[in-house]
Amino acid sequence: AVLGAGVSGRGVGALLNRLEWEYVTYDEPSRVFGETEARASSIVVYSPGFHPEHRWLGVARQAGIPLFGEMDFGSFFLENRIVAITGTNGKTTLTTLLGRIWNESGKKAVMAGNIGLPLCELIAKGLDPDALVFLEVSSFQAQELKNLRASSVLWTNFEEDHLDHHATMEEYFRSKARLFSHEPGQESWIGRSVSEMAAELQYELPE
């Protein structure tokens, strides 16, 4: 089951088509996901616009179905090194800049994620295994990560934002901080405002 028919949902569909997996896309109000639909599904992949407490995700949890965000699902099929880039402001600019620098210097790199090209779609189109993936990650995409492992994380800054989606500043911060939770050997660059908020929340950042 693919929840959401927007850019991310279409990216998931492209990857599933390449894998030759059967799927159904659900999107309000055209096609609603309920208990019957959940029982017919073996896995649910949802777009980043879905709040973790969205009723459709609750239905999937009650049915015991594995849940993955679009970016997390795509990472199962990716062996390339990932540089995850996040921050309240400037994510797209930095991702674009680094991608262009790498390509101009003769290195192989691609840009994906919140910058416009979903990770699933990038994988579906085919990817040079030697290319470095500069992946722009929003807090919406990071908050429920289970599988994605970045070799490097660049978290540039942290300011008040998205409190219509996150209940508190701490929840917003910890959503982004999930990028650090899977790869103990990763290299990280953290901006001063990120470090200051971590100290305020007594959150231990990696070295």
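Here, every reference points to the structure presented above.
Report on the accompanying structure.

Here is what the cut-offs are and how they apply
Residues numbered from 1 in each chain as written. Predicted model: local features only at pLDDT ≥ 70, side-chain atom pairs only at ≥ 80, totals over all residues. Heavy atoms only, no water. Buried < 20%, exposed > 50% of the residue type's maximum accessible area, 1.4 Å probe, protein only. Helix = DSSP H or I, 4+ residues; strand = E, 2+ residues; numbered from the N terminus. Contact = heavy atoms within 4.5 Å. Pairing = 2+ DSSP bridges. Axes fitted to C-alpha atoms, helices over the stretch in contact; angles between N-to-C directions. Phe/Tyr/Trp six-rings, centres within 6.5 Å; stacked < 30°, edge-to-face > 60°. Lys NZ or Arg CZ within 6 Å of the ring centre and 35° of its normal.

**A few points about helix 8 (residues 169–177)**
Then step 1. What helix 8 keeps buried is the set Y172, F173, S175, K176 and A177.
Then step 2. Where helix 8 is buried, its residues contact strand 5 (82–86), helix 5 (91–104), helix 7 (139–142), strand 8 (152–155) and helix 9 (192–201).

**Thoughts on the sheet that holds strand 4 (residues 67–69)**
Then step 1. The parallel open sheet is built from 4 strands, whose spatial order is 2-1-3-4. Looking at the sheet topology across the chains shown, the edges are occupied by strand 2 (25–26) and strand 4.
Then step 2. By the bridge criterion, 2 bridges tie strand 1 (residues 2–3) to strand 2 in an arrangement that is parallel. When the sheet's bridge partners are listed, V2 is paired in strand 2 with T25.
Then step 3. Here helix 3 (residues 55–62) sits on the sheet in contact with strand 1, strand 2, strand 3 (44–46) and strand 4, set at roughly 140 degrees to strand 4.

**A closer look at the packing of aromatic side chains**
Then step 1. With the rule as written, the count across this model stands at 14 aromatic pairs.
Then step 2. Each ring, one from F33 and one from W56, has its centre 6.4 Å from the other, and the planes form 55 degrees; the classification is tilted. Placement of the pair is F33 in the loop between strand 2 and helix 2 (35–39) and W56 in helix 3, with a sequence separation of 23 residues. Just as F33 is buried, W56 falls in that class too.
Then step 3. Three or more aromatic residues joined by ring pairs form one cluster here, namely W155, F158, Y172, F173, F180 and Y203.
Then step 4. K107 extends its terminal NZ or CZ atom over the ring of W102, reaching a point 4.7 Å from the ring centre.
Then step 5. When the ring centre of F68 is taken as origin, the NZ or CZ atom of K146, which lies over that ring, is 5.5 Å away.

**Comments concerning the sheet that holds strand 9 (residues 187–190)**
Then step 1. Spatially, 5 strands are ordered 6-7-5-8-9 in an open sheet, and the strand pairing comes out parallel. Two strands close off the open sheet at either side, each with one partner strand: strand 6 (109–113) and strand 9. Direction aside, the axes of adjacent strands within the sheet are offset by 15 degrees on average.

Purely geometric numbers; function is a separate question.
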